[in-house]
Each structure stands twice: as structure tokens, then as C-alpha cells.
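# Fold and geometry: a report
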Amino acid sequence: MKWIDTLQIAEALYDKFPDVDPEKIRFTDLHNWVLELEDFDDDHGRGGEKVLEAIQAAWIEEAR
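These lines cover the structure that appears in this document, whether it is placed above or below. (Residues numbered from 1 in each chain as written. Predicted model: local features only at pLDDT ≥ 70, side-chain atom pairs only at ≥ 80, totals over all residues. Heavy atoms only, no water.)

### Quick look at the packing of helix H1 (residues 6-16) against helix H3 (residues 49-63)
Interaxial distance between H1 and H3 falls to 8 Å at its minimum, and their mutual angle equals 55°. It follows that H1 is oblique to H3 by the angle criterion. As H1 packs across H3, the resulting crossing turns out to be right-handed. Every residue of H3 that contacts H1 at Thr-6, Leu-7, Ile-9, Ala-10, Glu-11, Leu-13 and Tyr-14 is listed here: Val-51, Ala-54, Ile-55, Ala-58, Trp-59, Glu-62 and Ala-63. The class makeup of the residues in the contact of H1 with H3 is 11 nonpolar, one polar and two charged. (Axes fitted to C-alpha atoms, helices over the stretch in contact; angles between N-to-C directions. Helix = DSSP H or I, 4+ residues; strand = E, 2+ residues; numbered from the N terminus. Parallel < 35°, antiparallel > 145°, perpendicular 65-115°, else oblique. Left-handed = near helix turned anticlockwise from the far one by under 90°. Contact = heavy atoms within 4.5 Å. Nonpolar A, V, L, I, M, F, W, Y, C, P; charged D, E, K, R; others polar.)

### Thoughts on the nonpolar core
Residues Ile-9, Leu-13, Leu-30, Val-34, Phe-40, Ile-55 and Trp-59 are the most contacted members of the largest nonpolar core, which totals 16 residues. Those elements that provide at least two residues to this core are H1, helix H2 (27-36) and H3. Ranked by residue count, the leading element in this core is H3, at four residues. Apart from residues no more than four positions distant in its own chain, Ile-55 is found in contact with Trp-3, Thr-6, Ile-9, Ala-10, Leu-13, Leu-30 and Val-34. (Core = buried A, V, L, I, M, F, W, Y, C linked by side-chain atoms within 4.5 Å. Buried < 20%, exposed > 50% of the residue type's maximum accessible area, 1.4 Å probe, protein only.)

Geometry only, nothing functional implied.
Okay, structure coming up:
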């Protein structure tokens, strides 16, 4: 996965952290959790605020 794969990342985070409320996570935690995903393989520095916001929004939708 790359940073651009926001929906796929959100689905993986939902599966890995089913008890986490994605509306209450800090972006620093979100960034670290994405980096820890098994299938994630992208430049760690490219996960800026706009990308993290998109991932969080997709995760919120996934959790509904």
C-alpha cells in the first residue's frame, strides 16, 4: 500500500484496531499505525496532514 491508497489503509486499520474510535485518534498515532501496517510500503515522510485526514475520514466511514 501507498499513502494514496486511503480506502485500503482505512480498511486495514479498521481490521487491526476494531475497538478504536477513528474520530478520537491523534494524527501522530495514525501516522505511526499506518507505517506499522504489514502491507504498507511507501516513503514515511509523505504522510502529511491532508493524507492523514483522508485516511481518517475513510476509516470513520468504514466504522459506520
